[in-house]
Amino acid sequence: MYVSISSMCIYFDLRSIMMKTEFLKVTGMTCGGCVNSLTQALKSVNGVDDVQVNLSTGDTQVQYDENVATSGQLRKAVEDAGYGLEG
Ligand SMILES: [Cu+2]
C-alpha cells in the first residue's frame with residue numbers, strides 16, 4: 001500500500017521534469033480572441049500541457065511532453081490556426 005503510493009508520486013515527479021518548454025514568437029495576433037484561438041490550437045496537440053500567450057509581444061510558451069509532441073507539430077498548429085512564426 002505505502003509502496004504503491006510512493007512510486008506513484010515518483011512517477012508524477014518524473015513526468016513534470018520531462019516536460020519541455022518551447023518558446024515561440026507568434027505574429028498576426030490582434031486581440032484576445034486570437035489569444036484564445038491560438039491557445040486552443042496548441043492545446044489540441046497531443047502532449048501539450050500548458051500554453052501561455054502574451055498578446056502584445058507574441059511571446060508564447062508551450063509546455064509539452066517531448067515524448068508525445070514535437071516542436072514541428074507545435075509550429076504547424078500555430079500556422080494551421082492562421083498565425084505566423086518569427087525566427
Ligand atoms: Cu483577434
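Caption draft 1: Fine view of the overall build of the protein. From N to C terminus, the protein includes 3 helices and 4 strands. Secondary structure elements in the protein, listed N-terminal to C-terminal, are α-β-α-β-β-α-β. Within the protein, the proportion of its 87 residues that are buried is 18%. Across the protein, every contact between residues at least 6 apart in sequence was considered, and the portion connecting residues at least 24 apart equals 61%.

Caption draft 2: Broad picture of helix α3 (residues 71–80). Residues of α3 that are buried: Leu74, Ala77 and Val78. One side of α3 carries all its buried residues, which in axial view fall inside an arc of 100°. The exposed residues of α3 that point more than 90 degrees off its buried face are Gly72 and Asp80. Where the residues of α3 are buried, they touch β1 (19–27), α2 (32–43), β3 (59–65) and β4 (84–86).

Caption draft 3: Representation of the sheet that holds β4. Pairing within the open sheet is antiparallel, and its 4 strands lie in the order β2-β3-β1-β4. With partners counted over all chains shown, the strands left at the sheet margins are β2 (48–53) and β4, one partner each. Here the strands of the sheet are splayed against their neighbours by 35° on average, with no regard to which way each runs. Judged from the 7 bridges that link them, β1 and β3 form a sheet pairing that is antiparallel. Bridge pairing links leucine 24 to threonine 60 in β3. Against the sheet, α2 makes contact with β1, β2 and β3, and its axis sits at roughly 160° relative to β2, the strand it touches most. Strand contacts of α3: β1, β3 and β4, with the helix running at about 30° to β1, the strand carrying the most contacts.

Caption draft 4: Representation of the nonpolar core within the structure. Residues Leu38, Leu42, Val48, Val62, Leu74 and Val78 are the most contacted members of the largest nonpolar core, which totals 15 residues. Put simply, the parts of the chain that give this core at least two residues each are β1, α2, β2, β3 and α3. When neighbours within four sequence positions are excluded, valine 48 is seen to be in contact with Leu42, Lys43, Val62, Tyr64 and Ala69.

Caption draft 5: Focus on the environment of asparagine 67. Position of asparagine 67 among the secondary structure elements: in the loop between β3 and α3. Expressed as a C-alpha distance, the spacing of asparagine 67 and lysine 20, which sit 47 residues apart in the sequence, is 9.6 Å.

Thresholds applied
Residues numbered from 1 in each chain as written. Predicted model: local features only at pLDDT ≥ 70, side-chain atom pairs only at ≥ 80, totals over all residues. Helix = DSSP H or I, 4+ residues; strand = E, 2+ residues; numbered from the N terminus. Buried ≥ 20, exposed ≤ 12 C-beta atoms within 10 Å, placed from the backbone. Contact = placed C-beta atoms within 7 Å. Arc of directions from axis to C-beta. Pairing = 2+ DSSP bridges. Axes fitted to C-alpha atoms, helices over the stretch in contact; angles between N-to-C directions. Core = buried A, V, L, I, M, F, W, Y, C linked by C-beta atoms within 7 Å.

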